[in-house]
Each structure stands twice: as structure tokens, then as C-alpha cells.
Amino acid sequence: MHVLKQHAQSRAATALSTVNVSRRGFMKGSAGLALGLYIAPLLGHDSRARAAGDNGEFAPNAFVRVTPEGEVVVIAKHIEMGQGTYTGLATLVAEELDADWASVRVEGAPANTQRYQNLAFGIQGTGGSTSIANSFEQMRQAGAKARAMLVAAAAERLEVSPGSLGVHQGRVIHEASGRELGFGELAEAAADQPVPDEVTLKSPERFTLIGKQRLMRQDSPAKTDGSARFTQDVQLDGMLIAVPAHPARFGSRLTGVDDAEALEVPGVVASVRFPSPTRDGDLVAVLATNTWAAIKGRDALALEWDDSQAFTMGSEAMEADYRERAGRTGDTVTDRGDAAAALDEAAQVIEADYVVPYLAHAAMEPLNCVVDLRDDHVSILNGEQWQTLDQQAVAKLLDLPPEQVRIQQLFAGGSFGRRANPISDYVLEAAAIAKAARDQGQAVPIKMVWTRENDTRGGHYRPFNYHRARLALDADGHLTAWHQRLVGQSIMNGTPMESMMVKDGIDATSVEGVAELAYGVPSLNVELHTPSDIGVPVQWWRSVGHTHTGFSTESLIDEAAAAAGQDPYRYRRERLHERPRWQGVLDLAAEKAGWSTPLEGDAEGVKRGRGIAVHESFASYVAQVAEVTVDADGRLKVDRVVCAVDCGLAINPDVVSAQMEGGIGFALAAALHSELTLDDGQVQQSNFHDFQVLRLNEMPEIEVHIVPSAEAPTGVGEPGVPPLAPAVTNAIFAATGQRIRRLPIANQLRG
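These remarks concern the structure in this document. These numbers come from a predicted model, not from an experiment.

## Focus: the packing of aromatic side chains
Moving on, step 1. Summed over the entire model, instances satisfying the criterion amount to 15 aromatic pairs.
Moving on, step 2. Ring centres 5.6 Å apart and planes at 80° place the aromatic pair F63 and Y116 in the edge-to-face group. With a gap of 53 residues between them, F63 in the loop between β1 (58-61) and β2 (64-66) and Y116 in helix α4 (residues 113-116) connect regions that are remote in the sequence.
Moving on, step 3. Judged by its relative accessible area of 0%, F63 falls in the buried class.
Moving on, step 4. With 6.4 Å between their ring centres and 70° between their planes, W582 and Y621 make a pair best called edge-to-face. Within this pair, whereas W582 is found in helix α19 (residues 580-593), its partner Y621 is found in strand β25 (residues 620-630), the two being separated by 39 residues in sequence.

## Quick word on the sheet that holds strand β15 (residues 368-373)
Moving on, step 1. If you walk across this open sheet you meet the 7 strands as β10-β11-β8-β18-β15-β16-β17, and the pairing is mixed. Taken across any chain shown, the strands that pair with only one partner, and hence form the sheet edges, are β10 (268-275) and β17 (405-409). Pairs of neighbouring strands in the sheet enclose a mean axial angle of 25°, with direction left out of account.
Moving on, step 2. One ladder, built from 4 bridges, connects β15 with strand β16 (residues 378-382); its direction is antiparallel. Bridging across to β16, V370 finds its partner in L381.
Moving on, step 3. Contacting β8 (240-245), β10, β11 (282-288), β15, β16 and β18 (446-449), helix α13 (residues 425-439) runs over the sheet at an angle of about 40° to β15.

## Points about the pairing of strand β5 (residues 165-168)
Moving on, step 1. Bridge count for β5 against strand β6 (residues 171-174) is 4 bridges, and the pairing is antiparallel. Across the sheet, V167 pairs through a bridge with V172, a residue of β6.
Moving on, step 2. Count of turn residues in the β5/β6 antiparallel hairpin: 2 residues, of which Q169 carries a positive phi of about 45°.

## Some thoughts on helix α5 (residues 131-158)
Moving on, step 1. Compared with an ideal rise of 1.5 Å per residue, which puts 28 residues at 40 Å, α5 spans 39 Å between its outermost C-alpha atoms and is within 8% of the ideal.
Moving on, step 2. At E137, α5 shows its maximal kink, close to 40°.
Moving on, step 3. Counting buried positions along α5 gives 23 out of 28 residues, so the element sits mostly inside the fold.

## A few points about the pattern of salt bridges
Moving on, step 1. Summed over all chains, the structure comprises 44 salt bridges.
Moving on, step 2. Note that D98 is salt-bridged to R147, the shortest N-O span being 2.9 Å. Separated by 49 residues along the polypeptide, D98 in the loop between α3 (85-97) and β4 (104-108) and R147 in helix α5 bring together distant segments of the chain.
Moving on, step 3. R217 is the partner of D219 in a salt bridge, and the nearest nitrogen-oxygen pair spans 2.9 Å.

## Remarks on the environment of V66
Moving on, step 1. For V66, the position within the fold is in strand β2.
Moving on, step 2. Distance in space between the C-alpha atoms of V66 and G56 is 9.0 Å, their sequence separation being 10 residues.

## Structural notes on the nonpolar core
One broad rule of soluble globular proteins: the nonpolar side chains tend to lie buried together.
Moving on, step 1. Counting 121 residues, the largest nonpolar core has Y358, L471, L479, W482, V728 and I745 as the members making the most contacts within it.
Moving on, step 2. Looking at this core, the element that brings in the most residues is helix α20 (residues 653-672), giving 10 residues.
Moving on, step 3. A51, A99, A146 and V167 belong to the second largest nonpolar core, which has 55 residues in total.

Calculation rules
- Residues numbered from 1 in each chain as written.
- Predicted model: local features only at pLDDT ≥ 70, side-chain atom pairs only at ≥ 80, totals over all residues.
- Heavy atoms only, no water.
- Phe/Tyr/Trp six-rings, centres within 6.5 Å; stacked < 30°, edge-to-face > 60°.
- Helix = DSSP H or I, 4+ residues; strand = E, 2+ residues; numbered from the N terminus.
- Buried < 20%, exposed > 50% of the residue type's maximum accessible area, 1.4 Å probe, protein only.
- Pairing = 2+ DSSP bridges.
- Axes fitted to C-alpha atoms, helices over the stretch in contact; angles between N-to-C directions.
- Contact = heavy atoms within 4.5 Å.
- Expected span 1.5 Å × (residues − 1).
- Bend = angle between axes of the 7 residues up to and from the residue.
- Salt bridge = Lys/Arg side-chain N within 4 Å of Asp/Glu carboxyl O.
- Core = buried A, V, L, I, M, F, W, Y, C linked by side-chain atoms within 4.5 Å.

Here it is in C-alpha cells:
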């Protein structure tokens, strides 16, 4: 998803690379020291405190509670938005606790940075595919310490030594006598045991849950029977629904409001004008007793906007501007060797421009937030992805101490980065509406709801990017130089992360995936233009910069293989000789796809092809082979995608596979159809009819193969996205000889 990702990835990777999962103890190096310092307070109690929760529960640390009924409650500091985090975190605890999976359930953690911070970021939040990576040892420690205390309590009750006891599926067993006690029976006594300073974690050969079983996902039952609680499900006494009105152009200012017709809509209670916390000037929202009335009332408002300071450029003009910038020298990102000289001496030079559009996140649940504002505190209920920054931003807006901003984490119906907004836009808007409503006499809880149109046109998109590249090949087809110039808005500029993530004018998220190009090229020159005069709000989108750098680099290496007259799989492999994990996934994907076996013969006028791509993001390695069919009329069908992933130790293999499948479907939508365009500054798309996502009949057959690994776990939520588009476009080239250099593919194929 995104944020602080370059910082998080480098910090987490430094730490994780030193970890052997069979070893106990904290990580080596500076990042390891940081984790060690974090874990002690984050696990909760000190050894002298009574580890008791409410109603006789055993609560030894911030992440585990055991009820008198024997239920094991895992407190998840990371949001569950469909990616399987609740299941992964619970697996880590349950493994070390030896709990009965059927008795494990998960609750979302409240906002509390000290207890629940993301160890990769130093703040509480979910993103950058860090949930399992930063929690791997922390959650295992939590489970192991709880287990030790339960065993100690059982030893006292049975009058035996702790060493004579074993634990199996939530029961402590004295092997010699056969006597046993359930966790629930021991909960109260375990709360009186001292919390151990150190515990020995399991070695991998003793795992019974991690990587071993297809576990029922923790969120599946509630999402199946309808009991799962999303923001839209929240009903509080007296609550009103607020639907805001946003301008058609970014930067427009509200100058007049006539709400007479809106107030005539049945169910509408009031309209409130409020200073926008993140946009220019004021905004207005309609309050109603139900969502439909609020939408109809909002639509009935007569509004006047001043567009004199608004952004009014259209997509064609923006592309022309970016193209012109791509012709000029940019800020240096990477400068290795003498690319200019190598290009002058090259036997062949490849010159290509690659273009990707603005993209909305298009999660199934549009943005929404419940705010219950009181005199001395505020309660926020939503699919909360970014607790620390949202808590601080709301506290500043409402002039409250941060601890009086109480955030309850609910399920989110997807996010892909959007709910972790770097300036807390939608959460602040909800809080501002609640404050204005209270000032106007409506001292009731407010649920702010964005419609799909609000969401699609509301800004904060994956940036539009333009890449210009020149590659040099010698007479034998070897790459001797790679020059790439990128043009695109910075995600980090103007956010709380700018000081950390923008160095010498370079936003690390703009160039990740190309600045550290994996292929062995003697001369590498990467430059960046960061337009500061484009008024379209942007932010991270699933896999962030890798979404566009993966497309350009994996297409360009394919172009180089074709120019050299060599097999694209083997051409890649030879240039990854110092990257064994890259080679590992590349080999596995090619093998499982039957790369060396020709595709079935084409029907008349029908062409088929295979394409391959490999990319590293979020410290995970993914290769994909796509098989496509192009018919005589130029209609494209992606038939099959074979995916190989190396994410270190796979905690839940089924979740890993599901995330690769989901990432492929998400990326395929963007590759085939999705784009946002502007005309005179207005976003043209509004809903799924014109911002098209993948249709069911377009989903290809997918195979996922996980590389067995003893390395520490890394991310899977995002790394499945970057290789898909280039694998598909490379397959189109293999089938038709046509090179696709801009996304989406729709309407580009020649019949």
C-alpha cells in the first residue's frame, strides 16, 4: 500500500536479512536494536504486574487475552481489509501458544502508538506490506510468554514441574499422569504468574500452524454470515448521515450556498458549511437521517464555485507537458558508469517512451467515517489504516490531546492504500463536519459517507507517469547502458513524510524499482522530473512506484531481448547472475508455465503468445508468465497467469496464494481498462461504468507457486501487482509483434 515504504523496506530488510527463523532473540544491527527497544514496551506488562484483564481474563501483554471460557483473543494492531492480516497475526500467536485454532478470534487494536506501533514505521499503521514482517517475532513472543505463564499456573495446580507439562490445542497436559487443564480453567491463576523476561521460540521443524495448514481465515465466518462490522454498518443513537459536496475542479473555492431545495428532501435535517481541513476554502455537507436522503439533499444544493485558482489542465495537455520535460535533463537519481559514451558506441540503441495514467484505488467500500464528538473527547469508528497520523491530525483540528481521540478499528472493504491518506483527508473531513454540526446545534454522532462518485473524483490517485528510456546493446546483444528519465508527481512532497522520504529533491517512491535496477548493466543513469505545478492530489496506490517502474523496466528488458534475438526468459536470467532469489522465482515461473513448450496451434486469424516478467518489491520476489490470445479483430484474452513468489517463510500459504491472485486481478484491471482522464481540470470518470475494473469473465486461470524458504517473512499484499502488466504486454508482443508502451491496453491492439 505504500507509505514510508522505502524507509520501511530498507529498515525492515536490514533487520530481516539477519534473522534465522529458527533462532530466538532480537535482530542484529541498528534496526534490530530498534526492534528490541520497541518490543519490550509493546508486549505490555512488566514482570511484576498482574496480567489480569476484565471478567477474570488472562491478559499477559498487549496482544493476547484468554477468557475463562478458553477463548484466545488476539489483538491485531494491523487492519483487516481483505488481505488476511487477522489470520496471519493470529497464526503467529497461536503457533507459540499451542492454541486450538477453533478457539482463536481476533479484535482490532485501538489507537495507541506506544503499544501498537508498526515496528517498520515507528507509528501505528498498516501499509507497505509490512504487517507480518514487522510482527513476526513480536507476535510469537507474545504467544510464547502467555504459554509459559499458563504452564506455570498449571504446574502449581497439578503440583508438578513445568518441564513435565506439554501444551496441545489449548490444553496443558501432564504426560505422565494424563491429567490436563484447559486454558480457560487456568486463566485466572495464570494472571498471577510473573511475565517471563525471555522465552524460547519454536524452531521451524516444530511448527504445526505456520506454513503447515490451510487454516480457516479469521475474517471469513463474519463476512459470510453478515456479522462483520464495517463503517457503513455502524448505527449509534441519534446519528445523522453526512454527504459532502466537492468541487468539480481541484482548487475551486465555494462562494455561495442555497440549501432551500435540499431542506425540502424528506429526511434531510440540515446543511452545514465548514472550513475544509485539506482543500481550499469551505465545503458544505447535507445531514440526514439516512444515506439516500443525504445524497438527494446534497444533489439538490445550489452551489457557486470560484474556479479562478483551480487546476484546469486536461490530460492531453499534461501529457504534452510531461513529454517535453522528458526531453530535458532531470535530477540525478542514479549515475553509474558512462551511459552517454556507451550509447554513442552502441551497436543498437532502443528508444522508447512508456506512459501510465492516473488511477483511482476503487476499493469496494467507498470512503466513510463515524465521528462521535463530545465535550472532552472524540470517538472515531472506521476502517482505520493510519491510526497515529489520523489521531494526531484530528487532535490538532479539534484542539484535543491526542489520547482523547479514540479510534476504533473496524473491517475495511479494501483500501489499496487510500485509507492511509498522508494528510488524513477523509478522516479530517468527517471530523470537521461533526464539529460544524455540533456548533450548529446538532450534537449527535455523524457518519460521513462518500458516494462512489465522490471517491472516484475526489483525488489522491496513483500519479500519472511518463518514462523515456534509451538502452545500448553491443554487437553480441549485451546491455552496456541503461538511461531512463521519469516524469511524475511526488507522493511525499507536502506530507509529514517529506523530510524522511524526499532527499535532494528525489522522492524515493517515484523511482523505486528502477533506481536500484537488478539487471547487470555496466552503465546506469536514472533521472527524475517532479512537476510541482500539477494540482491533482496523489498518493500511494497498491505497490506504489513499482506499479509504473515495473511496467517500464520489464518491458524494456523484453525489448532488449528481442533486439538481441534472444529468448526473453534466458536473457533476463543471464543478467541476474548476482541475484539468486530473482533467478529462483524466474526459473520456477518458467518451469511451471512450460516456457519451453510451444503453445497450442493458432486458429485462423488467432494469435497466441507468452510473456514473462520478474520484479522485487517490499523485499519479496515475484515472477509471472502470462499467456494471451489475440483474435482477428484485435480482441485480447488473458488466458493464464503462472506466478512464482519468494516471500520468505510463508506463514499462511493459502493467504499468500490468495494475495497473489488478488494482486493479479487488481493489476489486470489497470493493464486492460482503468484510467482517469481530465478535461479542463475535471475528472471524466465517476463510477465503475466508466472507470472499469476487471469483470468476472476476464479473470484468467491463475497458478501460484511459493518458493520454500527459511528466510524471515516479507510482504505479499502488494508484490503480486508490478509484474502483471509487463508480462501481459510482453505476451502480446510475442503473439503479434506489437509492442504496447502505454496503459491501459484497451483499444490499442490492431485487428
